[in-house]
Number of protein chains: 2
Amino acid sequence: MFELHPVLAADSWYLGDFPLSALLLSKDANYPWFILVPRQPGVEEIYQLGEQQRAQLLEESCLLAEVLQQVFQADKLNIAALGNVVPQLHLHHIVRFNNDVAWPRPIWGVVPPLDYSESQLNQSIELVLGALSGQGFRVLDGDLPG
Amino acid sequence: MFELHPVLAADSWYLGDFPLSALLLSKDANYPWFILVPRQPGVEEIYQLGEQQRAQLLEESCLLAEVLQQVFQADKLNIAALGNVVPQLHLHHIVRFNNDVAWPRPIWGVVPPLDYSESQLNQSIELVLGALSGQGFRVLDGDLPG
């Protein structure tokens, strides 16, 4: 059975589900930073998914990426499957701006996470979930943050 | 017309072509680090590829990833499309070991690139190209390094 890795559960908010993947928002206000986690137990690498699941992950990633670039007017997207600390397959989607605190470096290890304000958090979630509505994404019932 | 970004051309060796993507080897012996570059001019994000090209990139990435994990006995793969400095779409495939110089951190910014020895370079290329042979990959004529 699929269970979200405890580090991902602690460091992000669970916003809802695409057909294959859970959508998380990282608790780091330095960047709009979303994470897709295919709800498949025991998978650590993209190539370990079945062919249909691979295609579904790609579709969900591209949909999310396009939405993020549009709603945040991103200068660049950074998309990455790393997993050195949390082996459960998860795909980072990080919105980058050419004036963000880490630009142009990759974000990892540059600055500590920054807390969201409630209004900033609400705004980010509304922007993204609004744009995803009607596109096969199911918002988690009841316990969204903010 | 497709032309490899000069930074990628300077920092890597061009090994050959999958049907969609060029395969590069990064000039950094700290990690076996391969890069796929779809030969599509003007594309910066995966979602900007057409549907067939997206699927082809995924297939090439998964084939490469599985080969890399097998031939290097990787502890983890790091796969990433960043592009903050080089906007031309390129997909890093980095073989990670739990005793490499950056582990468990992402590799960027941790240590400077390390030169390959000729024998180490030859061995890496032979391992990967050998495993890719007969799988739709076409080795570049004549001017491989090493």
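What this report covers is the structure whose coordinates are included nearby. (Residues numbered from 1 in each chain as written. Chains lettered and ligands numbered in written order. Predicted model: local features only at pLDDT ≥ 70, side-chain atom pairs only at ≥ 80, totals over all residues. Heavy atoms only, no water.)

Examining the sheet that holds strand β6 (residues 138-139) of chain A
Convention followed: Here the rule is simple: two strands pair whenever DSSP picks up at least two bridges between them. In DSSP terms, a helix is any run of H or I states spanning at least four residues, a strand is any run of E spanning at least two, and both are numbered starting from the N terminus.
Strand order in the open sheet made by the 12 strands is β6(A)-β1(A)-β2(A)-β3(A)-β5(A)-β4(A)-β4(B)-β5(B)-β3(B)-β2(B)-β1(B)-β6(B), with antiparallel pairing throughout. Here the strands that pair on one side only, and so sit at the sheet edges, are β6 of chain A together with β6 (138-139) of chain B. With five bridges connecting them, strand β4 (residues 76-81) of chain A and strand β5 (residues 91-96) of chain A associate as antiparallel partners. Within β5 of chain A, the residue paired with Asn78 of chain A across the bridge is Ile94 of chain A.

Here's the deal with the pairing of strand β1 (residues 12-17) of chain B
Residues and elements named next belong to chain B. This is how the line gets drawn: When a residue's accessible area, from a 1.4 Å probe over protein chains only, is under 20% of the maximum for its type it is buried; when over 50% it is exposed; and in between it is partly exposed.
Burial within β1 is extensive, with five of its six residues counted as buried. As consecutive antiparallel partners, β1 and strand β2 (residues 21-26) are separated by three residues. Two strands pair when backbone bridges link them, and β1 and β6 are joined in this way by two bridges, in the antiparallel orientation. Looking at the pairing, Gly16 lines up with Val139 of β6.

A closer look at empty space enclosed by the protein
Filter applied, for reference: In the cavity and pocket records, a cavity denotes points on a 1 Å grid over the protein atoms alone where a 1.4 Å probe fits but cannot get out, a pocket denotes an open set with protein on both sides within 12 Å along at least 5 of 7 lines, and lining residues are residues with an atom within 4 Å of a point. Grid points are joined across faces, edges and corners, and a volume is the space filled by probe spheres set on the points. Amino acid classes used here: Ala, Val, Leu, Ile, Met, Phe, Trp, Tyr, Cys and Pro are nonpolar; Asp, Glu, Lys and Arg are charged; the rest, including Gly, are polar.
Going through the model one piece at a time under the given rule, you end up with one cavity of 30 Å³ or more. Here the largest cavity defines a volume of roughly 240 Å³. Considering the residues around the largest cavity, the lining is formed by 19 residues, among which Ile46, Leu58 and Leu91 of chain A together with Ile46 and Leu58 of chain B are closest to the centre. For the lining of the largest cavity, the elements supplying multiple residues, two or more each, are α2 (51-72) and β4 of chain A together with α2 (51-72) and β4 (76-81) of chain B. Among the elements that make up the lining of the largest cavity, the one with the highest residue count is α2 of chain A (five residues). Here the lining of the largest cavity is built from residues that sort into 15 nonpolar, two polar and two charged.

A closer look at the relation of the copies chain A and chain B
Let me state the cut-off plainly: Copy-to-copy superposition: least squares on the C-alpha atoms, limited to residues that have pLDDT of at least 70 in both copies. The contact criterion used throughout is that any non-hydrogen atoms of two residues lie within 4.5 Å.
Screw-axis analysis of chain A against chain B gives a translation of 0.0 Å along the axis, an RMSD of 0.0 Å, and a rotation angle of 180°. The relationship between the two copies is best expressed as a two-fold rotation axis. When C-alpha distances to the rotation axis are compared across chain A, the minimum falls at Ala80 of chain A, with a value of 2.0 Å. A share of 100% of interface residues in chain A that are also interface residues in chain B marks the association as one of identical surfaces.

Section: α2 of chain A
Put simply, the rule is: Helix span is expected to be 1.5 Å times the residue number reduced by one.
Here α2 of chain A is 22 residues long and its end C-alpha atoms lie 31 Å apart, about the 32 Å a rise of 1.5 Å per residue gives. Residues of α2 of chain A that are buried: Arg54, Leu57, Leu58, Glu60, Ser61, Cys62, Leu64, Ala65, Val67, Leu68, Gln69 and Phe72 of chain A. Next to the buried residues of α2 of chain A lie β2 (21-26), β3 (33-38), β4, β5 and α3 (118-132) of chain A together with α2 of chain B. Just downstream of α2 of chain A lies Gln73 of chain A, where phi reads positive at about 50°.

Notes on the interface of chain A and chain B
Here is the rule we go by: Defined in terms of a 1.4 Å probe, buried area is the accessible area two parts forfeit on being brought together, summed over both. Definition used for salt bridges: Asp or Glu carboxyl oxygen within 4 Å of a side-chain nitrogen of Lys or Arg.
At the junction of the two partners, chain A supplies 29 residues and chain B supplies 29 residues. Between chain A and chain B, a total of about 2,600 Å² is buried, with carbon and sulfur atoms accounting for 59% of that surface. For the chain A face of the interface with chain B, the top three residues by lost area are Tyr47, Lys76 and Asn84 of chain A, together amounting to 26%. At the boundary of chain A and chain B, one finds two salt bridges. For Glu45 of chain B, the salt bridge is made with Lys76 of chain A, and the minimal N-O distance between the two is 2.8 Å. Among the elements of the structure, α2 and β4 of chain A are those that each provide at least two residues to the side of chain A that touches chain B. Here the side of chain A that touches chain B gets seven residues from one element, more than from any other, and that element is α2 of chain A. In terms of residue class, the side of chain A that touches chain B is built from 17 nonpolar, five polar and seven charged. The pairing of β4 of chain A with β4 of chain B spans three bridges and is antiparallel. Within β4 of chain B, the position partnered with Ala80 of chain A by the bridge is Ala80 of chain B.

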